Amino acid sequence: MLFYVVRRAAAGVLLLLVISFLTFVLLSLPGQDVGRTLLGLNASEQAVAAKNSQLGIDRSVLAQYGDWLSGAVRGDLGTSWFTSEDVWTAIGNRLPVTLSIMVGVTLVTGVLSFGLGVWAGVRRGAVDRFVQVFGVAGYALPGFLVTLVLVLVFAVELGWFPAIGYVPLTDSVGGWLSTITLPIIALSIGSVAGMAQQVRSSVIEVMRQDYVRTLVSRGLPMRSVLFRHVLRNASAPALTVLGLQFVGLLGGAVLVEQIFGLPGIGAMTVSYTTRGDVPIIMGLLMVSVVGVVVINLFVDIAIGLLNPKARVA
Amino acid sequence: MTESLPALTEPAGAAAPHVPAVRRGAFRRLVRNPLGLVAAVVLLVVVVGAAAAPWLTTHAPDAADLRSAFGPSAPGHPLGLDSAGRDIWSRLLFGARNTLGGALLALAVAMVLGIPAGLVAGYAGRWFDAVSGWVVNLLMALPAMIVLLAARAIIGPTVWALMIILGVLAAPSFFRLVRGIVVNVRHELYVDSARVSGLPPWRIIGRHVLVVVRAPIIIQISLVAGVALGLQAGLEFIGVGSSSDLPTWGGMLNEGFQFVQRDRTLLLWPGLALGLTSAALVLLGAALRDVLEDRGTDPVVRRRDRAAQRAVAPAVLDGKAERSPLLSIRSLAVSYALPDGSQREVVHEVDLDVRPGEVVGLVGESGSGKTQTAFSALGILPSGGRVSRGSIQVDGQEVVGLSAASWRQLRSHVVSYVPQEPMSNLDPSFTVGSQLVEPIRAATGASRAQARERALGLLRSVEIEDPERTFRAYPHEISGGMAQRVLLAGAMACNPRLLIADEPTTALDVTVQAEVLEVLRRLQQERGLGVLLVTHSLGVVADLCDTVAVMQDGRIVESGPVDQVLTAPREEYTRRLLAAVLDEGQPPTVAAGRADEGER
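Residues numbered from 1 in each chain as written. Chains lettered and ligands numbered in written order. Predicted model: local features only at pLDDT ≥ 70, side-chain atom pairs only at ≥ 80, totals over all residues. Heavy atoms only, no water.

## Focus on the packing of helix H1 (residues 2-28) of chain A against helix H12 (residues 278-306) of chain A
Residues and elements named next belong to chain A. At their nearest, the axes of H1 and H12 sit 10 Å apart, and the two run at 160° to each other. Classified by the interaxial angle, the pair formed by H1 and H12 is roughly antiparallel. For the element pair H1 and H12, the recorded crossing hand is right-handed. Here Tyr 4, Val 5, Arg 8, Ala 9, Gly 12, Leu 15, Leu 16, Ile 19, Ser 20, Thr 23, Phe 24 and Leu 27 of H1 come into contact with H12, specifically with Val 278, Ile 281, Met 282, Leu 285, Met 286, Val 289, Val 290, Val 293, Leu 297, Asp 300, Ile 301 and Gly 304. Taken together, the residues of the contact of H1 with H12 sort by class into 18 nonpolar, four polar and two charged. (Axes fitted to C-alpha atoms, helices over the stretch in contact; angles between N-to-C directions. Helix = DSSP H or I, 4+ residues; strand = E, 2+ residues; numbered from the N terminus. Parallel < 35°, antiparallel > 145°, perpendicular 65-115°, else oblique. Left-handed = near helix turned anticlockwise from the far one by under 90°. Contact = heavy atoms within 4.5 Å. Nonpolar A, V, L, I, M, F, W, Y, C, P; charged D, E, K, R; others polar.)

Put into structure tokens, the structure is as follows:
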């Protein structure tokens, strides 16, 4: 098991390295004159050259990447070209907002989709039809469109929640809840729809397995067949989907933060990328890919714990 | 029987390699599917509207007239005017061109990259499979939205270039689908034989592989198109796609959201257009799936049927009263619900008795209904199947319509089951030990340590050499013969008096078969078990059984003491079975190979 975890983690680190290198090279390709953009048209050639060399972008891409990487592993992601902010500080300030939403969505998705999926897979009937219709509907409508409707109904019309803004958890728990509830609901609809479907079909699949019949024939109560055996075997594919969905959720977070005016990573991505601030873009991309890698590592570990065969493979 | 119960043998959800090709008439069936028809019509309307935009509008989409901003619907402006006094109808139609075009571009790139790569990776495998697998993992770890934003920082606000990148990011969805199916097909016998007969790879791909992947690809197209549409509009919505003059649905939504307090219609029209188009794509995908994969509905046991199942009254039987104390089956019929709602009877009028200490063989070829009969006596018929007539008594208790709790009592103390396939009947996620301990504790309430001792004793009793090690092992760590012993031990856990064994040795090697049968015989004699032994092997019957019943097409055609039936069969069918054994002159088996595939 330990070997399995180490190997998975190593694969994740390798993935991070490759992505960071490719992104860095691609971001450096077009040879924009960053110094000129920063200093304006009136600046002298020397001043521009000096600025470029101060930023280190007059050197080879490989050398720049080496610098960036050696900083990154020490937790130093450089400083913004445009605002001179420390990249890590800038991201760190906004991370709690996005994390609040992501953790909330993951919890809601996990609980609801397992509940609905198992119920639908075992009892079939009306719940099953609901999960299937909901699955199609949740997939059929673009997330941000659903979000707009939610804002319109619950914030603008009914006024139950603020339409925009964010209150940090440390300021007021109630305020924090009221500002993140609607965004979490908005993002959860799609992910619950997709994952409940997955849980449902894996539950049905497992219920058809020979060993379930044999366990029933041994006089085990249905409850324990269901919650010990069926659930355990059905959750591995569902968890894999959860890992995949997380990537999509990051994209969803960008839109949702923009709509609700939440000062998170997503909104930050929108505002900084329009200016081509490479250190910030690198930092943001790395933080989100690290998020994906970590989530997938958790999923892999969970699957390894649930399914002894996966540890060998 | 296989053809009569398609839903029972078909794996759920798995990309079935036998997905039939796009059949003739698929279009007709799609049109007859109401959801599919509506979705297709909506898409057609949108596409035609976009194509014919110049002829359907009277104003250019970017002709602004600030004086009439937020103007209501008027002649020439069927949907009114936006915040800059531009015609909403015109922007909607021309916007469809940009929005759909962008999504289409992304889709095309994803297909061009993903499908060939998936074909090659799945068919040829080797280094290409390894490399492309790695690239795909990499792409899938990238959050599309954030990559697109980063890309925009470099290449500027050209939405078309962004859509190409989106296509690259979406390529894995085609790649994984195609590769998965091709890997499955590659191992099919007909592809093997095509390869052996020297058909070049491109011919095999063309003739056998493409046919199978076509339908899933068509379905996937509509799903990916939906996602691409959503992302395209999303990018435009946050205002990073193109310049604001170019009409797009996402851009219109953005504008509408800014002025949401003033005029809701600005949000309504593009929202409706996007929502309907996207929903139509996904619904079309769902309808196509139903049509192309020809998935009937599962023979779901409806609540009504379940009630009916319980309500089956035990048949009142004639006066020959004296029924066997252990297992007594009278006039049994088993039926399955078919997808179209009708019932199909697979077992008819079966009478069978097992007395204590007696071994009864139930023989017949695949699909003769013997396994269904055995399952009925254990109450473990697969979903959709039920006892539709007759009576089954276990230990003197009527079990047709028995409650779950009473069944548990019987299964925990009286009757137990030895299945056919050793490996698939052990839960792969739990150790052998825990699968033995759990039922013991549930049945007797023993402590963990007591149950463990008992389980180890059981493993010893089925002649497993290192019980401790087997106890700790996972199912994938033991051999098939070992697994069958474990299952036998599991069946003995509750000290049963009646054992129902369904082809307990069929899946094993010949030498292992003999050993397992020997263990079974010893246990039966030591404990005086009544055994119902389902088998297709007359050799096993001659070896082990006291009486035998021969089944054909769901009926018992002959039964009696083994000596009599085997030496002086009355029925033609029995004679044929015997003749088949003698002809082969080897381990006597009636139906070799994949026995009872349809019955499981």
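## Comments concerning the UniProt feature "transmembrane region" (unreviewed entry) in chain A
All names here are of chain A. Using the residue numbers shown here, the UniProt feature "transmembrane region" (unreviewed entry) corresponds to residues 97-122, 134-156, 176-196, 238-260 and 280-306. As annotated, residues 176-196 has a helix share of 100% and a strand share of 0%, and its two end C-alpha atoms lie 28 Å apart. Split by type, residues 238-260 is 100% helix and 0% strand. Its first and last C-alpha atoms lie 30 Å apart. (UniProt positions renumbered as here; feature names shortened; annotations may be inferred.)

## A closer look at the interface of chain B and chain A
Tallying the contact residues gives 69 residues for chain B and 65 residues for chain A. At the boundary of chain B with chain A, total buried surface from both sides reaches about 6200 Å², with 68% on carbon and sulfur atoms. Summed over the three residues of chain B that lose the most area to chain A, namely Ile 146, Ile 154 and Glu 438 of chain B, the buried surface amounts to 10% of that side. Taken together, the connections running from chain B to chain A amount to one salt bridge. In this structure, Arg 228 of chain A engages Glu 438 of chain B in a salt bridge whose closest nitrogen and oxygen atoms are separated by 3.0 Å. When the residues that make up the side of chain B that touches chain A are grouped by side-chain class, the tally is 43 nonpolar, 13 polar and 13 charged. (Buried area = accessible area lost by both parts, 1.4 Å probe. Salt bridge = Lys/Arg side-chain N within 4 Å of Asp/Glu carboxyl O.)

## Comments concerning the pattern of salt bridges
The final tally for this structure, using the stated rule, is 19 salt bridges over all chains. Linking Arg 8 of chain A and Asp 300 of chain A is a salt bridge whose minimum nitrogen-to-oxygen distance equals 3.4 Å. Linking Arg 8 of chain A in helix H1 with Asp 300 of chain A in helix H12, this pair joins segments that are 292 residues apart in sequence. On the basis of relative accessibility, which here comes to 35%, the residue Arg 8 of chain A falls in the partly exposed class. Between Arg 521 of chain B and Glu 518 of chain B there is a salt bridge whose closest N-O contact spans 3.5 Å. Placement of the pair is Arg 521 of chain B and Glu 518 of chain B together in helix H20 (residues 510-527), with a separation of three residues, close to one helical turn. Taken together, the salt bridges that share partners define one network made up of Glu 345, Glu 349 and Arg 389 of chain B. (Buried < 20%, exposed > 50% of the residue type's maximum accessible area, 1.4 Å probe, protein only.)

## Re the packing of helix H10 (residues 201-237) of chain B against helix H12 (residues 265-292) of chain B
Packed helix pairs are characterised by how far apart their axes lie and by the angle those axes make with each other. Residues and elements named next belong to chain B. Direction vectors running N to C along H10 and H12 enclose 165°, while the axes themselves pass 9 Å from each other. One way to sum up the angle between H10 and H12 is to call them roughly antiparallel. As for how H10 packs across H12, the hand of that crossing is left-handed. Only Leu 274, Thr 277, Ser 278, Leu 281, Val 282, Leu 284, Gly 285, Leu 288, Arg 289 and Leu 292 of H12 make contact with H10, whose side of the interface consists of Ala 215, Ile 218, Ile 219, Ser 222, Leu 223, Ala 225, Gly 226, Leu 229 and Ala 233.

## Remarks on the domain arrangement of chain A
Residues and elements named next belong to chain A. Partitioning chain A into structural domains gives domain 1 (2-73) and domain 2 (88-312). For domain 1 and domain 2, the distance between their C-alpha centres works out to 32 Å. Taken together, the contact pairs 14 residues of domain 1 with 15 residues of domain 2. Between domain 1 and domain 2 the total buried area reaches about 1300 Å² when both faces are included, carbon and sulfur atoms providing 82% of it. For the domain 1 face of the interface with domain 2, the top three residues by lost area are Tyr 4, Leu 16 and Leu 27, together amounting to 42%. Across the contact surface, domain 1 and domain 2 share one salt bridge. Applying the counting rule to domain 1 against domain 2 returns two residue pairs in polar contact (both at pLDDT 80 or more). Here the residues of the side of domain 1 that touches domain 2 sort into nine nonpolar, three polar and two charged. (Domains from an automatic or database assignment. Polar contact = N/O pair within 3.5 Å; in protein donor to acceptor, adjacent residues only side chain to side chain.)

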